[in-house]
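Close look at the chain arrangement
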Amino acid sequence: MDNQERVSLFVKIREKYRDNRESWNFKIGIFSTVLGIVISILTVIYSPNNWIVATSVVCCQFIVLVMCCITYGTFHKNKELLEETMKDCNSEIEKAHSASEAIKESFNLNVEFFEKHLIYQKNTNKRINNFLTIICDETDRYFYDVSNIQDKLNAKKEDPEFAELCKQQLDQARQRYKKSLYTLFNRYTRGVVDETLKIIMHYLTTKNIFLNASISIKLFESTYHNGTEYSSMRIYTAFRDKETYDKKEREIGEQHYSIDLNGDFLKCLSKECYIKNNITDSMDDYLNQNFPNSLRHYNCTVVVPIICDYKSDRQIFGFLCCDALNETYNCDIFDKNSANILYATALTLGTFFDGMNSAWSYVMDKELPDFLTYLHSETYRGV
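Read on for an overview of the structure. Model, not experiment: these values are computed from the prediction.

Comments concerning the overall build of the chain
- Of the regular secondary structure elements, the chain holds 7 helices and 6 strands.
- Traced from its N-terminal end to its C-terminal end, the chain shows the element sequence α-α-α-β-β-α-β-α-β-β-β-α-α.
- For the chain, the residues scored as buried account for 38% of the 383 residues in total.
- Considering only contacts in the chain between residues 6 or more positions apart, those separated by 24 or more positions represent 69%.
- A total accessible area of about 22,900 Å² is found for the chain, and carbon and sulfur atoms account for 56% of it.

Overview of the pairing of strand β5 (residues 300-309)
- β5 sits mainly inside the fold: 9 of its 10 residues count as buried.
- Relative to β5, strand β4 (residues 274-276) runs antiparallel, the two being bridged by 3 bridges. Looking across to β5, one finds that Y274 is bridged to V303.
- Where β5 and strand β6 (residues 314-324) come together, 10 bridges link them in antiparallel fashion. Bridged to P305 within β6 is F319.
- Counted along the chain from β5 to the antiparallel partner β6, the turn is 4 residues long.

Quick notes on the sheet that holds strand β1 (residues 213-225)
- Read across the open sheet, the 6 strands follow the order β3-β2-β1-β6-β5-β4; overall the sheet is antiparallel. In the strand order of this sheet, the two ends are held by β3 (256-258) and β4, each with one partner. Strand-to-strand twist in this sheet, taken as the mean axis angle between neighbours without regard to direction, amounts to 25°.
- With 3 bridges joining them, strand β2 (residues 234-240) and β3 adopt antiparallel strand pairing. Paired with Y236 across the bridge in β3 is H256.
- Helix α3 (residues 160-205) contacts β1, β2 and β6 of the sheet and is inclined by roughly 135° relative to β1.

A short note on the environment of N125
- One can find N125 in helix α2 (residues 51-155).
- Between the C-alpha atom of N125 and that of T345, which follows or precedes it by 220 residues, the distance is 9.6 Å.

A closer look at unusual backbone geometry
- The amide bond that connects F291 to the next residue, P292, takes the cis arrangement and shows omega of 5°.
- Here P292 shows up in the loop between β4 and β5.
- With a phi angle near 60°, K248 is a residue other than glycine that sits in the positive phi range.
- Within the element layout of this structure, K248 appears in the loop between α4 (242-247) and β3.
- Assessed through its relative accessible area of 57%, K248 is described here as exposed.
- Backbone geometry at N278 places phi at a positive 50°, although glycine is not the residue there.
- Judged by relative accessible area, N278 falls into the partly exposed class, the value being 26%.

Section: helix α6 (residues 336-363)
- Look at α6: 40 Å from first C-alpha to last across 28 residues, which is about the 40 Å you get at 1.5 Å a residue.
- A distance of 3.1 Å separates the backbone nitrogen of N337 from a side-chain oxygen at the start of α6, and that oxygen is part of D335.

Re the nonpolar core
- If you look at the biggest cluster of nonpolar residues, it comprises 77 residues, and the most contacted ones within it are F185, F319, F353 and F371.
- Ranked by residues supplied to this core, first place goes to α3 with 13 residues.

Things to note about the pattern of salt bridges
- Taken as a whole, this structure holds 12 salt bridges when the rule is applied.
- Note that E254 is salt-bridged to R381, the shortest N-O span being 3.9 Å. Residue E254 is located in the loop between α4 and β3, and its partner R381 is located in the segment after α7 (371-379); the two are separated by 127 residues in the primary sequence.
- On the basis of relative accessible area, R381 is assigned to the exposed category, the value being 57%.

What counts as what
- Residues numbered from 1 in each chain as written.
- Predicted model: local features only at pLDDT ≥ 70, side-chain atom pairs only at ≥ 80, totals over all residues.
- Heavy atoms only, no water.
- Helix = DSSP H or I, 4+ residues; strand = E, 2+ residues; numbered from the N terminus.
- Buried < 20%, exposed > 50% of the residue type's maximum accessible area, 1.4 Å probe, protein only.
- Contact = heavy atoms within 4.5 Å.
- Areas by Shrake-Rupley, 256 points an atom, 1.4 Å probe, with all protein chains shown as cover.
- Pairing = 2+ DSSP bridges.
- Axes fitted to C-alpha atoms, helices over the stretch in contact; angles between N-to-C directions.
- Expected span 1.5 Å × (residues − 1).
- Polar contact = N/O pair within 3.5 Å; in protein donor to acceptor, adjacent residues only side chain to side chain.
- Core = buried A, V, L, I, M, F, W, Y, C linked by side-chain atoms within 4.5 Å.
- Salt bridge = Lys/Arg side-chain N within 4 Å of Asp/Glu carboxyl O.

Bear in mind that shape data such as this cannot, by itself, settle questions of function.
So this is what it looks like as structure tokens:
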């Protein structure tokens, strides 16, 4: 038996003893009063000359009996009131304890989120630094291969067959380079999207929201430049997080979207974010090309632009989108903090796409306009 159990047992014994003691005190008081009345009556019977004294004694004993009953009743009433008060106090203590535990859990979740977010920021910056270096390495490798082939061609330029062979090798080098950029895109976006999704979902848990979310990258067919007429430019889904992709329930590269028919894209041409929560099929202010069919997959969304700002130009490559289907919580799922997490990620994506475009224009100057155009030709499967 530990100390807590000993104390609990002692309290129970003490309470039981005190109740028994008070009960016996009352019984003894009643017995003494009744005995006094009986003796007084006998005194009157056997000593008539003392009837006045006996009567006084009987009256006093009766008064004592009444006071005893009143005291006992008051004691029990106060005891019940005390027990009720103690019960209320214990209930309040339990509530305070639960609230304290909830605050403690919330604090721990916020600390854990802060720690994970620091790691996320570190990995994000490390990833963009690494991949920009890889882009430069792939470009250098391409020019090294081209230089070697060109040297061989110059040495035997009179040989038509060898010249044709060198031409084929040059074309193969260009194809390798394009494929290397496409592979870099898939590797980079896979890491960024999946890690961003984890941090978004972890942030939601700090708000006691436990929902599955999805992230996708929507890209223009070619880079949008500030001031360009956007009505003819189309957008498509170029990438989704791994879990959503594996479910095969949502399209990737199968449909074109118009800016004019999607309020989130339209707003993000000039703003940092678009947030919409708890969308219903009766909403008149929600503009979405797939609405209301989109409600099968999500009813809360946050969208940010993927941009790269120059002094004289803003390039928009597409949009980073996060959504969730909320059928449980009566609150806003996404907020400004969710948008800020996405926006920080979108800025690194913008830097990445700008680097890819620069490498593309440096090498593929006579082919497709930019890397996004090539990416669309490789990714889009719709009509």
